[in-house]
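# Coordinate inspection notes
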Amino acid sequence: MFDIAASLAKIIILTHTTLILAMYMPWVERKVSAWIQDRVGPNRVGYAGLLQPIADTFKFIFKEDVVPGHVNKTLFVLAPCFAVIPSLFILAVIPFGPAVQVMGQSVDLVIADLGVGILFVFAFSGLAVYGIVFAGWASNSKYPMLGGVRASAQMISYEICLGLSVVGIFMGAESLRMLDIVQQQIDGSWNIFTQPLGFLIFAIAAFAETNRLPFDLPEAETELVAGYHTEYSSIKFTMFFAGEYAAMFVFAALVTVLFLGGWDLPFMDSASFAAMGNWGALLGFAVFLVKSFMFLLLYVWVRFTLPRFRFDQLMNLGWKVLLPLALVNILITGFLNLP
Amino acid sequence: MFLDYHAVLVFLITGVAMVSAPLILGFLFRPSNPYPEKNMAYECAEDPIGPAQIRFDMRFYTTALIFIIFEVEIALMFPWARVFRDAPNQTLALGAGLIFMSIVFLGLVVDWVKGDLDWVKTFHNKRRVQD
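Residues numbered from 1 in each chain as written. Chains lettered and ligands numbered in written order. Predicted model: local features only at pLDDT ≥ 70, side-chain atom pairs only at ≥ 80, totals over all residues. Heavy atoms only, no water.

### Digging into unusual backbone geometry
Residues and elements named next belong to chain A.
- For Asp38, which is not glycine, the phi torsion reads 60 degrees and is therefore positive.
- Here Asp38 lies in the loop between helix 1 (2-36) and helix 2 (52-62).
- Look at Asp38 and you get exposed, because its relative accessible area is 72%.
- Even without being glycine, Ala48 reaches a positive phi, approximately 55 degrees.
- The residue Ala48 is located in the loop between helix 1 and helix 2 in this model. (Helix = DSSP H or I, 4+ residues; strand = E, 2+ residues; numbered from the N terminus. Buried < 20%, exposed > 50% of the residue type's maximum accessible area, 1.4 Å probe, protein only.)

### Comments concerning the packing of aromatic side chains
All names here are of chain A.
- Under the defined criterion, the tally for this structure stands at 29 aromatic pairs over all chains.
- Summarising the aromatic geometry, the rings of Phe207 and Phe295 are spaced 6.3 Å apart at their centres and angled 65 degrees between planes, so their arrangement reads as edge-to-face. Note that Phe207 is positioned in helix 9 (residues 196-209) and Phe295 in helix 13 (residues 278-303), a separation of 88 residues in sequence.
- Members of the aromatic cluster, joined through ring pairs, are Phe60, Phe237, Phe241 and Tyr245. (Phe/Tyr/Trp six-rings, centres within 6.5 Å; stacked < 30°, edge-to-face > 60°.)

### Considerations on the confidence of the model for chain A
- When pLDDT is averaged along chain A, the result is 85; 100% of the residues meet or exceed 70.
- Confidence, expressed as mean pLDDT per element, reaches its minimum in chain A at helix 10 (residues 221-224) of chain A with 75 and its maximum at helix 9 of chain A with 90. (pLDDT = per-residue confidence, 0-100.)

### Focus on the side chain of Asp65 of chain A
- Mapping Asp65 of chain A onto the fold places it in the loop between helix 2 and helix 3 (73-90).
- Residue classification places Asp65 of chain A among the buried positions, given a relative accessible area of 10%.
- A polar contact of 3.5 Å, which involves the side chain of Asp65 of chain A, links it to the side chain of Ser233 of chain A.
- A distance of 2.4 Å separates polar atoms of two side chains, one belonging to Asp65 of chain A and the other to Lys236 of chain A.
- Each residue touching Asp65 of chain A, except ones within four places of it in the same chain, is listed here: Ser233, Ser234 and Lys236 of chain A together with Arg30 and Pro31 of chain B. (Polar contact = N/O pair within 3.5 Å; in protein donor to acceptor, adjacent residues only side chain to side chain. Contact = heavy atoms within 4.5 Å.)

### Brief notes about empty space enclosed by the protein
All names here are of chain A.
- Counted by the stated rule, this structure contains 2 cavities of 30 Å³ or more.
- Approximately 240 Å³ is the volume found for the largest cavity.
- Only helix 3, helix 4 (117-138) and helix 11 (234-258) provide two or more residues apiece to the lining of the largest cavity.
- Looking at the lining of the largest cavity, its residues break down into 12 nonpolar, 5 polar and 3 charged.
- There is about 30 Å³ of room inside the second largest cavity.
- Each residue belonging to the lining of the second largest cavity can be placed in one class, and the counts come to 3 nonpolar, 1 polar and 2 charged. (1 Å grid on protein atoms, 1.4 Å probe; cavity = no way out; pocket = protein on both sides within 12 Å on 5 of 7 lines; lining within 4 Å. Points joined across faces, edges and corners; volume = space filled by probe spheres on them. Nonpolar A, V, L, I, M, F, W, Y, C, P; charged D, E, K, R; others polar.)

### Observations concerning helix 1 of chain A
Residue and element names in this part refer to chain A.
- In a regular helix each residue adds 1.5 Å, so 35 residues correspond to 51 Å; helix 1 covers 49 Å between its end C-alpha atoms and thus fits that length.
- At Tyr24, helix 1 shows its largest bend, some 35 degrees, and a proline, Pro26, comes one to four positions later.
- Positive phi shows up at Asp38, right after helix 1, with a value of about 60 degrees. (Expected span 1.5 Å × (residues − 1). Bend = angle between axes of the 7 residues up to and from the residue.)

### Considerations on the layout of surface pockets
- In this structure, the largest pocket spans a volume of roughly 1,200 Å³.
- Forming the boundary of the largest pocket are 46 residues, of which Ala22, Met23, Thr238, Phe241 and Ala242 of chain A lie nearest the centre.
- At the level of elements, helix 1, helix 2, helix 3 and helix 11 of chain A together with helix 1 (2-29) of chain B are the ones that each hand at least two residues to the lining of the largest pocket.
- The element best represented in the lining of the largest pocket is helix 1 of chain A, accounting for 10 residues.

### Notes on the interface of chain A and chain B
- Contacts between the two partners involve 79 residues from chain A and, on the opposite side, 68 residues from chain B.
- For the pairing of chain A and chain B, the buried interface totals around 6,500 Å² over both sides, and the portion due to carbon and sulfur atoms is 76%.
- At the surface where chain A touches chain B, the tally comes to 1 salt bridge.
- For Asp65 of chain A, the salt bridge identified is with Arg30 of chain B, shortest N-O distance 3.6 Å.
- The interface formed by chain A and chain B contains 3 residue pairs in polar contact (both at pLDDT 80 or more).
- Taken together, the elements giving at least two residues each to the side of chain A that touches chain B come down to helix 1, helix 2, helix 3, helix 4, helix 5 (142-165), helix 6 (167-173), helix 11 and helix 14 (311-336) of chain A.
- When residues in the side of chain A that touches chain B are grouped by element, the largest group, 13 residues, is from helix 14 of chain A.
- Split into classes, the residues belonging to the side of chain A that touches chain B amount to 51 nonpolar, 15 polar and 13 charged. (Buried area = accessible area lost by both parts, 1.4 Å probe. Salt bridge = Lys/Arg side-chain N within 4 Å of Asp/Glu carboxyl O.)

### Some thoughts on the environment of Pro95 of chain A
Residue and element names in this part refer to chain A.
- By secondary structure assignment, the location of Pro95 is in the loop between helix 3 and strand 1 (100-102).
- For Pro95, a relative accessible area of 0% puts it in the buried group.
- Between the C-alpha atoms of Pro95 and Glu223, which are 128 residues apart in sequence, the distance is 40 Å.
- The residues touching Pro95, leaving out its near neighbours within four places in the chain, are Leu109, Val110, Met178, Leu179, Val182, Val257, Trp263 and Phe288.

### Focus on the pattern of salt bridges
Residue and element names in this part refer to chain A.
- Taken as a whole and assessed by the stated rule, the structure comprises 10 salt bridges over all chains.
- Across the salt bridge formed by Asp180 and Arg177, the nearest N and O atoms sit 2.9 Å from each other.
- Under the relative-accessibility criterion, Asp180 is labelled partly exposed at 28%.
- Here Glu244 ties to Arg212 by a salt bridge, and the two come within 3.4 Å at their closest N and O atoms. Taken as a pair, Glu244 in helix 11 and Arg212 in the loop between helix 9 and helix 10 lie far apart in primary sequence, 32 residues in all. When sorted by exposure, Glu244 lands in the same class as Arg212, which is buried.

This is the structure:
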């Protein structure tokens, strides 16, 4: 009973954190882009436009939902759900802080501490392709079709690089469990220092997996209108939007856990976190959030700095550069780990 | 062990509920006023010509095939990396992994040389095929 209550509490904390972040990331993105381009950005609804996301949400709910007559209705409704649910699920295995003490029991701040941790992540990030393929095919319209086919080719290409770039971490941590990987980084050094090449490949592949600039070809506005969600409106469009930002947060959290040491601070170890009791857990959660947010800001920064790739450049980068580099990274790690 | 997956199940139910809640909310409150022009496929105000669900380029199929092969390789690399340090003879383990990786990589190199990975076929290649 205690375990069920604890996991429910953790689910509520983490899903709400993600949804609030997914809701406010567009606001942050608009503000940062305005700052980069020397504009003001949203400033009408509430102080500094802070109520803008809430106003947008209400507007999306009350707007008419146009379902064109030529679409495949079942898949058309299913597609936005498939765009959100997989990225939410990956959160289940992400540890977001050191253990807390509740009623004399120690509770790990991870929803499901699975032994297959990272495999679970790849299983569900693979499912995310379905949302886009369904949307592209079910819309029965040319722009979504092109966007959907492109997106599926892009996502499966970069999933390979994503998978191979983390193999080096397991050789060091000797585990696929996320908690073990974080613990290994707390005891040793962060994986970004021991696996710099792996981090670079993972970060680039994360940009491609979340369809963000410079890899946002599936929804390249200048040629495909809006790509796979051209025919979507109202709340279904919002769900694609929220799904994209939720996926961004999930990948930022993954980078934090796999490469940036989770909740680790350079001058603290497990004992000093434990000495602070539950305040230590809160501090750890805050550190985890700040690190993830830094990576989210990197997404925005890159979006307003780099132009979009061409599709052949994108495929070349994935198959001819990143994939061989990821294999070389595994080999180097293997040689360095020899006794 | 069981409880871990139990938490995943609870998470699944929460996730589905969180996705369906806005859909149902929108269904209850939004207006509905469809008319023929609104229901047409969006093509920047042009009348759509022909069906959209057409056969697409073969190159996507090749990409998907290479993807499946490499995804299987990843599935086999994960356990290999997990037990790498525990192996009684690590040099042998690294050699085995090296052989396995090079076999799969050889397949990629063959595709690469044959030009299946080139998204833009060069004019030179085309003319050679015509000859």
